[in-house]
Amino acid sequence: MFNHSNNQSVLSAPQQQQLLDAEMRIAPTWPLDQLIAVNPFWGIKALSFDVAVSKLSALAQVNMLMPIDFYLEQWLQGAIAPAALQQAAEYYQVPLSNNELLNWLRQSRRKALPHWHTLADLFDRYRSEHKMPWQEEITHQISQFCAAHYQQMQPILKQTQGHKKLCVYRHWHETVSQDLGISIVMGEPGLVEYFKQLPTEPDTVIALTVETLGIEFTALADYAHMLLLDINGWASWVGYERWQANLTGSPTSDMRALLAIRMAWELVIWQYVSKRYPTMFSQISHHWNRQKQQLPKIIAEHKQALSPRLLFQRALELSYQTKLAQQFECKQAHESNANILQAIFCIDVRSEVIRRALEKQHLGIQTMGYAGFFGLPIDYRASDSGFERPQLPSLLKAPLKVTQIHEPQSLTTQRQHAGRWQSWSHSAAASFSMVESMGMSYFYKLLRKVFMLHPTAHPVDSHIGTTAWRLTQDEREISATEQAQLVAPILAGMGLTTFADTVLLVGHGAKTTNNLHDAGLQCGACGGQSGEVNVKVLAQLLNDVAVRNELIKLGVQIPVTTRFIAALHNTTTEQIVTYGELKPEISQWLKQASHLARIERSEALAITPDILSQQQLEQQFSARTKDWSQVRPEWGLANNAGFIIAPRQTTQGLDLQGRVFLHEYDYQQDPELTKLTSILTAPMLVTNWINMQYNASVTDPGKYGSGNKVLHNVVGGRIGVFEGNGGDLRIGLPLQSVYNGEKWMHTPQRLSVIVQAPTSALEHVIAEHEVVKQLVENEWLYLISISPKCNVLKRFERGQWHRI
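Residues numbered from 1 in each chain as written. Predicted model: local features only at pLDDT ≥ 70, side-chain atom pairs only at ≥ 80, totals over all residues. Heavy atoms only, no water.

### Here's the deal with the overall build of the protein
Filter applied, for reference: Here a strand is any run of E in DSSP of at least two residues, a helix any run of H or I of at least four, and the numbering for each starts at the N terminus. Each residue gets one of three labels from its accessible area relative to the maximum for its type: buried under 20%, exposed over 50%, partly exposed in between, using a 1.4 Å probe on protein chains only. By definition, residues are in contact when any of their heavy atoms lie within 4.5 Å. Here, Shrake-Rupley sampling with a 1.4 Å probe gives the accessible areas, and only protein chains in the shown set may cover a residue.
Within the protein one finds 31 helices and 20 strands. The buried share among the 804 residues of the protein stands at 57%. When contacts within the protein are restricted to residue pairs at least 6 apart in sequence, those whose partners lie at least 24 apart make up 74%. When the accessible surface of the protein is split by element, carbon and sulfur atoms take 52% of a total near 33,700 Å².

### Observations regarding the pattern of salt bridges
The following threshold applies: Only one rule defines a salt bridge in this text: a Lys or Arg side-chain nitrogen within 4 Å of an Asp or Glu carboxyl oxygen.
Counting across every chain of the model gives 33 salt bridges. Residue Arg256 is joined to Glu23 by a salt bridge in which the shortest nitrogen-to-oxygen separation is 2.3 Å. With Arg256 in helix α14 (residues 255-276) and Glu23 in helix α1 (residues 13-24), this pair connects stretches of sequence that are 233 residues apart. What makes Glu23 buried here is its relative accessible area of 5%. Salt-bridge contacts for Glu777 lead to Lys773; the nearest nitrogen and oxygen are separated by 3.2 Å. Remark: Lys773 and Glu777 occur in helix α31 (residues 770-777); sequence separation between them is four residues, near one turn of the helix. On the accessibility criterion, Lys773 (29% relative accessible area) is partly exposed. The network of salt bridges with shared partners includes Asp379, Arg381, Glu388, Lys401 and Glu475.

### A short note on empty space enclosed by the protein
So the rule is basically this: Points on a 1 Å grid over protein atoms alone make up a cavity when a 1.4 Å probe fits among them but cannot get out, and a pocket when they form an open set with protein on both sides within 12 Å along at least five of seven lines; lining residues each have an atom within 4 Å of a point. Grid points are joined across faces, edges and corners, and a volume is the space filled by probe spheres set on the points. Following the grouping adopted for this structure description, the nonpolar residues are Ala, Val, Leu, Ile, Met, Phe, Trp, Tyr, Cys and Pro, the charged ones are Asp, Glu, Lys and Arg, and the polar ones are all others, Gly among them.
Here the structure, examined in full by the defined rule, presents eight cavities of 30 Å³ or more. Ala27, Pro40, Ser236, Tyr704 and Ile731 are the residues nearest the centre of the largest cavity, which is lined by 20 residues in total. A total of three residues in the lining of the largest cavity trace back to one element, the largest contributor, which is helix α28 (residues 683-699). When grouped by side-chain class, the residues that make up the lining of the largest cavity number twelve nonpolar, seven polar and one charged. Computed from the structure, the second largest cavity encloses a volume of approximately 120 Å³.

### Some words on the packing of α28 against α31
What counts, and what does not: Only the contacting stretch of a helix is used when fitting its axis, a line to C-alpha atoms as for every element, and angles between N-to-C directions run 0 to 180 degrees. Every angle not falling under 35 degrees, over 145, or within 65 to 115 is termed oblique; those three ranges are roughly parallel, roughly antiparallel and roughly perpendicular. Crossing handedness is read from the near helix: turned anticlockwise from the far helix by less than a right angle, it gives a left-handed crossing, and turned clockwise, a right-handed one.
The N-to-C vectors of α28 and α31 enclose an angle of 45 degrees; their axes lie 11 Å apart at closest approach. The pairing of α28 with α31 is recorded here as oblique in orientation. Of the two elements, α28 crosses α31, and the hand of that crossing is left-handed. Contact residues: Met684, Leu685 and Asn688 in α28; Val771, Val772 and Leu775 in α31. Of the residues that constitute the contact of α28 with α31, the class distribution is five nonpolar, one polar and no charged.

### So, the side chain of Glu664
Put simply, the rule is: By the counting scheme adopted, Arg and Lys are positive, Glu and Asp are negative, and His together with the chain ends is not counted. The definition of a polar contact used here is a pair of N or O atoms within 3.5 Å, where within protein one atom must be able to donate a hydrogen and the other to accept one, and adjacent residues in sequence count solely through side-chain atom pairs.
Along the chain, the position of Glu664 falls in the loop between β12 (660-663) and α27 (674-681). As a buried residue without a salt bridge, Glu664 has its nearest oppositely charged side chain in Arg355, at a separation of 4.4 Å. Here the side chain of Glu664 touches Arg648 through a polar contact of 3.0 Å, landing on its backbone nitrogen. Sequence-distant contacts of Glu664, that is, excluding residues within four places in its chain, are made with Arg355, Thr367, Met368, Gly369, Gly493, Met494, Ala646, Pro647, Arg648 and Ile679.

### Thoughts on the sheet that holds strand β5 (residues 400-404)
Put simply, the test is: Two strands qualify as a pair provided that DSSP identifies no fewer than 2 bridges between them.
Judged by pairing direction, the sheet is mixed, and its five strands sit side by side in the order β4-β3-β5-β6-β7 without closing on themselves. Each of the sheet's edge strands pairs with one partner strand only, and the pair in question is β4 (388-390) and β7 (476-477). Sheet topology places strand β6 (residues 469-473) next to β7; two bridges connect them, and they run antiparallel. Each bridged residue has a counterpart across the sheet, and for Gln473 the counterpart in β7 is Arg476. Along the sheet, helix α22 (residues 532-543) contacts β3 (378-381), β5 and β6; its crossing angle with β6, the most-contacted strand, is approximately 95 degrees.

### So, the state of the cysteines
Filter applied, for reference: When two cysteine sulfur atoms lie within 2.5 Å, the pair is treated as a disulfide.
If you walk through the whole model with that rule in mind, you get zero disulfides. Summary of cysteine pairing: Cys346 is not part of a disulfide, and the nearest cysteine sulfur, belonging to Cys523, is at 4.4 Å. A relative accessible area of 6% places Cys346 in the buried class.

### With respect to the pairing of strand β14 (residues 712-715)
Consecutive side chains of a regular strand alternate in pointing toward one face of the sheet and then the other. Sheet analysis places β14 next to strand β15 (residues 720-723), joined by four bridges and oriented antiparallel. In the strand pairing of β15, Val714 is matched with Val721.

### With respect to the side chain of His173
Here His173 lies in helix α8 (residues 168-176). Side-chain polar atoms of His173 contact the backbone oxygen of Phe195, separated by 2.9 Å. If sequence neighbours within four positions are ignored, His173 has contacts with Phe195, Lys196, Leu198, Pro199 and Thr200.

### Let's talk about the sheet that holds strand β19 (residues 793-797)
Strand order in the open sheet formed by six strands is β12-β11-β17-β18-β19-β20, with mixed pairing between adjacent strands. Across the chains shown, the open sheet's two edge strands, defined by having one partner strand only, are β12 and β20 (800-803). Direction aside, neighbouring strands of the sheet carry axes that sit 25 degrees apart on average.

Put into structure tokens, the structure is as follows:
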């Protein structure tokens, strides 16, 4: 058993810092009802992308690049241009011809590289008996415990212990010390006694493990990081709780306790094997002590083996940038068009398609791009209900709350009924008992879903009314002056200096049925929700006479004839729903734009538009939203590749294939660089998160994707999903969100951010903001400057600007 004299081991301050460093490497994951894309490598952005590729591969066999055959296929299809391949070779100082580079890539095929092993890995590797793998059992046991702890035990414990939060490690220790099933399943008698002897404090068990296993100080952060990656799903959930705690100003985290749980398993295995299998222990301890000294060498081996793929990955990205650069042709804005229709859309890549389609309807139509929450830092609070949800980027906390005024009681009752029904019908325990208790009435509901494609309504979004809104801060209703101060910078950020008679504020959302990850198709800028609340609130503010009078004092004059109309773009059907009366010609333009967008998207959805009438095509798209067996209702933001920050006339008329985020920005109107700073420190971060999550869900779907959605089971109603009935908590995108059954629908490549601004302006923002500096200089994205005449594009590379 354990040496009790060591149970009082303590961690030194430097060791504490090493552990904290490891803990902060884990990025958060958001719950299902607020699901947003997250860069899973956010916690290591201080490393260069190339270093991260080889280090994560060595530590935990993480794949940040595609297989060799993928790059060979991209070369054959022309997606990698010969000139770009030579540019990448020059960047990495590899003096080979293109044919030699191709041979170098092919020859890099080899057996599995050596990597760091946990003790569980080593035990599985050296024992000869055909028993349950330790690695699988550890993941399963920790995951099942976390599911029970976070979804069931915490509410009970808060009620019985005066809201005092139970330490996750102590709760686990109490549970595992009474679990005789582990010994039976593993075929290892007496194992439970080793758990009973563990220290009861997380820092103590970590200190004892570090001391017993001889973890050197220089390797401690990497070792701890490797163990957390072993249970990355639950570590990411704990990262979310840490993120939320930081937003509320009361930082706390279970990450250390979770790490202690995983380390405790290492300590138990070490002690148990040394007593029960002394010969095997000799082999394991020898391997263990040898590998502790070899991490730098192992990382170097991974770097060498992955170098050809890194080079081809860069060539793929440079090829895309070159093709994009060749399309640019700056145009003059049509000043006479502003009095017909202006439409402001979210910067979401799905908006690019329908914006282009709408602009084709008339020269007098002007579209703009702005973050989909429309700059409103709000939480939506349902009337006569405790329900509340954020309607802003999840990186932020909302200071304002919005509630509908004089909401009809019938609407509140319907929402509450629908919410209770959904909560009951989605709970794991109700799956069979609900159908049984409801009898034929629920059987009829099932039949309607199967044969009549009857949609499942969202209990909140389906019951948002059209009455006026109240904005409050700290339970105080904000004044017209404060409302004007809120919307003035929003108008400036949109680039609205002149106003048409009709200005559409177009949020977006997606309607799907039986889709656990439906929030991932909603507006990420609205915290994984529809943007309906935001556009309705903003339209009310901008149409309010008192607010407009206050705006005049701030230098913003909105014509009396201008009306702001809220609208919602359904990205699954391409329909635009408006919440206000429109001129017949504008309604027809919107309808025709939706049709053109459907035609463009049809190929990716395996729909043949040529044989369908406009009405039939619309019905096909609508059917996807109602079919509860549809695993691919739409492709979301798959294949995103670029972010262009420029006036619309810079990109108007270009077919960007729904791959590019578009944000309005005019450098001439931003002498203090406040708008540029705002865009590069907020929307650019969000687009990086989206881009890297889609990339990771393709390059390593096992660790950073949530697997086959057909096999998903909900954990805790909202926490996340298991694939099947166990294993780690699955995070990231379902396989069906990026793969059509035959090919990947997303090409992993780092985001190319193109800004129409001088290089000096971009350098200023980089120097002033560490997070921007890390993303750009460590090449987690590419930063490109485009000249005012669109004839010169320069890419920031190793501290210098290089012409594309």
